[in-house]
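The primary structure of each chain is shown beneath.
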Amino acid sequence: MPVAGAALQQQQPIHWLPVTWTVCLMTIALGITSFIAVNVPESYMDEPFHVPMAQLYCRGELLTWDAKITTFPGLYVIGAAYAWAAQLLLCWTGADLDVTCSGPFLRSVNALLAVATIQVAYAVSMQLRQQRSSSSSSSSSSSSSSSSSRGQQVHLGAAAVALVVGLLPTQLFFAFLFYTDVPSLLFVLLTELLLLRRSTYAAAAAGAAAIGMRQTNAVWVTFLTGAAMLREVLPQPAAAAAAAPASTAPSGSGTASKERQQQRQQQPAKQQKQQQQRGGVLGMLAELQAVLRSAWDRRAALLQAYCLLLVLPVAFVAFVVWNGGITLGDKEAHAPVLHLMQPLYFALFCLAAAGPLLLQPAVLARVRSALSAAPLLCMLCAVCACAAAVVCVQRFSLVHPYLLADNRHYTFYLWRKLFARSGVLRLAAVPAYVAGWGLLLAALAAGGEHWLWRAAFACCCWLSLAPAWLLEFRYFTTAFALAVLHMPVPPVRLSLLVVAGYCCVNAATLWVFARRPYTWGDGSLARFMW
């Protein structure tokens, strides 16, 4: 283990933190679930499709399928397993499967998984922090007291970031309904955590579960696999390479194997130094060539380590070809389109949901550094981005019929009150779109992510969002969570400020949902939701 990483692990952890906040979060989550169950006992919105399917799975009727359901049956497998386990645990109370597989009871599985999501996000944040510390210089020394204080800040910072991820209003809202959102994000983050810990076979299982919850997760599982492979082929920093233990060499290797390992580490480092001297686009192309060459040289080891993960996107593409589309059912209403405004809406969403994190000192320092290093290039990129955004606004502002007709969603009012009023208002948001993407990419750069990682992340955002015709904020959750985790760890107070804002929004939206129903046009009871 690198010296810096070992030092981070040796820092005194806050032993009370995981237990205390787990108990608190589970108590709050189950309390809100009970509040929702009392006030909204009936299945709502998509639940009339999801709950009956889960109940069929509870009875073992696995071959029955509702043609209106668009996703894979992962949610129903989890729901049925949860109902069977709960029935066994609660058999002494007389609870049967009709109780544990009822709609209100099935909702509680998402509440528990929401707590697990926060825990996994915390573990991912800690793992990323450890890797960043491992790649930095380990020559500096500090006293035990300052090391302990720094360790506490690391754990508190990771916990605060995990709360930002888990309490995002468009995510937490669906923790109290039987929807796919919570388990979908959980398994994506679990896939990344296992890849960071180099447990590739377990990561493949988590990735398959993530795709089983939502088809677009195939994009993110592929991205996370590529990111893990990129970490394998990128040149190691000198400090980390020098501190790498001899046990990482292949078994049975001698002096010749160690020399070859040193050559593999030194050759990409020399190439990186040469491309940095050349700089600019030519330097990036040279580095890309070096990365591809390194990947080709190590193709056998990479295929052996990541074969199961690489099977997942191949299998998904085969499914899409066989199925004739991405969704299982209701293909007409969810046909893929070219909705290039979706990634721009995502940038606006990031500004609104994580503005303080995008404006933290580390990100602004990165922006200033880029502007001072190449002001003309930055200005040219901004002008081109604005021009492209204008084209997207004019040509690709698609409006789904559901967005115009369903006034139960907040997006209905956002579109009607702002974007639908005039084209001038839509064009006025172009600087915000560009600024959102610029700050987001700067934050990822400040977080230490390689430019290839950032480019792949942006491409996956476009690939996962652009085919969606309907504008729903919950489609942005996975990309947002990954971005937040890979930003620089902000000061704890800043993260808690964001969390406090989230708590206010969550309290308001859940209270309105539960306590302020209204009569819809067809006479049914309607409720406001994301």
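From a predicted model like this one, the values you see are computed outputs, not experimental measurements.

### Some remarks on the overall build of the protein chain
Line of reasoning, step 1. Along its length, the protein chain carries 25 helices and two strands.
Line of reasoning, step 2. By the burial criterion, 48% of the 530 residues in the protein chain qualify as buried.
Line of reasoning, step 3. Considering only intrachain contacts with a sequence separation of at least 6, the fraction spanning at least 24 residues in the protein chain is 81%.
Line of reasoning, step 4. Total accessible area on the protein chain is roughly 25100 Å²; 66% of this is exposed by carbon and sulfur atoms.

### As for the confidence of the model for the protein chain
Line of reasoning, step 1. Looking at the protein chain as a whole, its pLDDT mean stands at 85, while 85% of the residues score no less than 70.
Line of reasoning, step 2. Note that residues 1-13 has pLDDT below 50 and, in this model, 29 contacts with residues that lie over four places away or in other chains.
Line of reasoning, step 3. Counted against residues more than four places away or in other chains, residues 237-278, with its pLDDT under 50, gives 27 contacts.

### Some words on the packing of aromatic side chains
Line of reasoning, step 1. Applying the stated criterion across every chain, the model contains 30 aromatic pairs.
Line of reasoning, step 2. Judged by centre distance (5.2 Å) and plane angle (75°), the rings of phenylalanine 173 and phenylalanine 513 are edge-to-face. Of this pair, phenylalanine 173 sits in the loop between helix H8 (169-172) and helix H9 (181-196) while phenylalanine 513 is found in helix H25 (residues 492-515), placing the two residues 340 residues apart along the sequence.
Line of reasoning, step 3. Given the relative accessible area of 1%, phenylalanine 513 is considered buried.
Line of reasoning, step 4. Members of the aromatic cluster, connected to one another through ring pairs, are Phe346, Phe349, Tyr410, Phe412, Tyr413, Trp437, Phe473, Phe476, Phe480, Tyr518, Phe528 and Trp530.
Line of reasoning, step 5. Over the ring of tryptophan 296 we find arginine 299; its NZ or CZ atom is 4.1 Å from the centre of that ring.
Line of reasoning, step 6. Note that arginine 408 overlies the ring of tryptophan 520, its terminal NZ or CZ placed 3.9 Å from the centroid.

### Thoughts on the nonpolar core
Line of reasoning, step 1. Membership of the largest hydrophobic core comes to 149 residues, with the highest contact counts inside it found for Trp220, Phe346, Tyr433, Leu440, Phe457, Phe480 and Met529.
Line of reasoning, step 2. Setting aside residues no more than four positions away along its own chain, leucine 440 makes contact with Phe346, Cys350, Leu358, Phe457, Ala483 and Met487.

### Brief notes about a nonpolar patch on the surface
Line of reasoning, step 1. A contiguous nonpolar surface patch, about 320 Å² in accessible area, is contributed by Val281, Leu282 and Leu285.
Line of reasoning, step 2. Mapped onto the elements of the fold, valine 281 is located in helix H14 (residues 280-297).
Line of reasoning, step 3. Owing to a relative accessible area of 59%, valine 281 belongs among the exposed residues under this scheme.

### Focus: the state of the cysteines
Line of reasoning, step 1. Applying the stated rule across the entire model yields one disulfide.
Line of reasoning, step 2. For cysteine 58, the disulfide goes to cysteine 101, at an S-S distance of 2.1 Å. Between cysteine 58 and cysteine 101, the disulfide has an S-S torsion of 80° and is therefore right-handed. Taken together, the residues span a long stretch of sequence, with cysteine 58 in helix H3 (residues 47-58) and cysteine 101 in the loop between helix H5 (97-100) and helix H6 (103-135) at a distance of 43 residues.
Line of reasoning, step 3. Judged by its relative accessible area of 3%, cysteine 58 is buried.

### A word on the pattern of salt bridges
Line of reasoning, step 1. Summed over the entire model, instances satisfying the criterion amount to 10 salt bridges.
Line of reasoning, step 2. Of the charged contacts, one joins arginine 214 and aspartate 181 as a salt bridge, the two residues approaching to 3.0 Å between their closest N and O atoms. Of this pair, arginine 214 sits in the loop between helix H10 (200-213) and helix H11 (217-233) while aspartate 181 sits in helix H9; the two residues are 33 residues apart in sequence, bridging distant segments of the chain. Both residues of the pair, arginine 214 and aspartate 181, belong to the buried class.
Line of reasoning, step 3. Among the charged side chains, a network of salt bridges with common partners joins Asp46, Asp181, Arg214, Glu472 and Arg474.

### As for the side chain of threonine 170
Line of reasoning, step 1. As for its placement among the helices and strands, threonine 170 is situated in helix H8.
Line of reasoning, step 2. Excluding residues within four positions of it along the chain, threonine 170 makes contact with Phe349, Phe473, Arg474, Thr477 and Trp530.

### A word on the side chain of threonine 411
Line of reasoning, step 1. Tracing the chain through its elements places threonine 411 in helix H20 (residues 410-419).
Line of reasoning, step 2. Ignoring any residue separated from it by four or fewer positions in sequence, one finds threonine 411 in contact with Leu403, Leu471 and Phe473.

### Looking at the packing of H11 against helix H15 (residues 299-323)
For any two helices packed against each other, the geometry is given by the interaxial angle and the distance between the axes.
Line of reasoning, step 1. The contact between H11 and H15 brings their axes to 9 Å, and the two run at 160°. The orientation of H11 relative to H15 falls into the category roughly antiparallel. Considering only the axes of H11 and H15, their crossing is left-handed. Residues Ala218, Val221, Thr222, Thr225, Ala228, Met229, Glu232 and Val233 of H11 lie in contact with H15, whose contacting residues are Leu302, Tyr306, Leu309, Leu310, Leu312, Pro313 and Phe316.
Line of reasoning, step 2. Here the contact of H11 with H15 is built from residues that sort into 12 nonpolar, two polar and one charged.

### Thoughts on H10
Line of reasoning, step 1. Between the first and last C-alpha of H10 there are 20 Å, a value that for 14 residues agrees with the 20 Å anticipated at 1.5 Å per step.
Line of reasoning, step 2. Among all positions in H10, only Thr200, Ala203, Ala204, Ala206, Gly207, Ala210, Ile211, Gly212 and Met213 are buried.

Thresholds applied
Residues numbered from 1 in each chain as written. Predicted model: local features only at pLDDT ≥ 70, side-chain atom pairs only at ≥ 80, totals over all residues. Heavy atoms only, no water. Helix = DSSP H or I, 4+ residues; strand = E, 2+ residues; numbered from the N terminus. Buried < 20%, exposed > 50% of the residue type's maximum accessible area, 1.4 Å probe, protein only. Contact = heavy atoms within 4.5 Å. Areas by Shrake-Rupley, 256 points an atom, 1.4 Å probe, with all protein chains shown as cover. pLDDT = per-residue confidence, 0-100. Phe/Tyr/Trp six-rings, centres within 6.5 Å; stacked < 30°, edge-to-face > 60°. Lys NZ or Arg CZ within 6 Å of the ring centre and 35° of its normal. Core = buried A, V, L, I, M, F, W, Y, C linked by side-chain atoms within 4.5 Å. Patch = residues over 30% accessible without salt bridge, like charges linked within 9 Å, V, L, I, M, F, W, Y side chains within 5 Å. Salt bridge = Lys/Arg side-chain N within 4 Å of Asp/Glu carboxyl O. Disulfide = S-S within 2.5 Å. Axes fitted to C-alpha atoms, helices over the stretch in contact; angles between N-to-C directions. Parallel < 35°, antiparallel > 145°, perpendicular 65-115°, else oblique. Left-handed = near helix turned anticlockwise from the far one by under 90°. Nonpolar A, V, L, I, M, F, W, Y, C, P; charged D, E, K, R; others polar. Expected span 1.5 Å × (residues − 1).

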